[in-house]
Amino acid sequence: MSLTTNHSSVDRYPTGARAIDVDAVRSDLLTRRAEHSARLQLSPNQSTTIDDDGAIDVGIAFERFSIEQSRDTMVDIDAAIARLDDGTYGSCETCHHPIAPERLEAIPHARRCIRCADSAPRWTTDRGRS
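Let us look at the structure shown here. The model shown is predicted, which means the values in this text are computed figures rather than measured ones.

The next subject is the packing of helix α1 (residues 22-42) against helix α2 (residues 58-86). Interaxial distance between α1 and α2 falls to 9 Å at its minimum, and their mutual angle equals 155 degrees. One way to sum up the angle between α1 and α2 is to call them roughly antiparallel. Crossing of α1 against α2: the hand is left-handed. Residue-level inspection shows V22, V25, R26, L29, L30, R32, R33, H36, S37, R39 and L40 of α1 in contact with α2, the latter providing S66, I67, S70, R71, T73, M74, I77, D78, A80, I81, L84 and D85. Here the residues of the contact of α1 with α2 sort into 11 nonpolar, five polar and seven charged.

Once that is clear, we can look at the environment of I20. Tracing the chain through its elements places I20 in strand β2 (residues 18-21). Of the residues examined, I20 reaches a relative accessible area of 8% and is grouped as buried. Along the sequence, I20 and Y89 sit 69 residues apart, while their C-alpha atoms lie 9.2 Å from each other.

Before going further, it helps to examine unusual backbone geometry. The phi angle at H96 is positive, at roughly 70 degrees, despite the residue not being glycine. One can find H96 in the loop between α2 and α3 (101-106).

Definitions and limits used
- Residues numbered from 1 in each chain as written.
- Predicted model: local features only at pLDDT ≥ 70, side-chain atom pairs only at ≥ 80, totals over all residues.
- Heavy atoms only, no water.
- Axes fitted to C-alpha atoms, helices over the stretch in contact; angles between N-to-C directions.
- Helix = DSSP H or I, 4+ residues; strand = E, 2+ residues; numbered from the N terminus.
- Parallel < 35°, antiparallel > 145°, perpendicular 65-115°, else oblique.
- Left-handed = near helix turned anticlockwise from the far one by under 90°.
- Contact = heavy atoms within 4.5 Å.
- Nonpolar A, V, L, I, M, F, W, Y, C, P; charged D, E, K, R; others polar.
- Buried < 20%, exposed > 50% of the residue type's maximum accessible area, 1.4 Å probe, protein only.

Structure follows, in structure tokens:
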């Protein structure tokens, strides 16, 4: 699976039974990245999740979680763009088999096939998530 980095033409390479329009995927990923970046810029910078009375402010905790999710997603999107550039997009980082086109349509920044994603620990500190 060879992929050129000439983005003026539409590069296609197979994953599963379908060919991927690299330029369309790249455009989708960049749009999603911009949305997450905007979300980060609009989020207030909260310094605490505990109120004066010692109660946890659930709204602030949720906002922090949302911010962290956006940051993680942006890292995943950047990694997906790098995989587009090096020709490995659509291959599972764990087993190296093709990721199902339906999974890539739903989560274009997916790093793993559904089987490997299901067998991975849910809460890891590395970047090896789905």
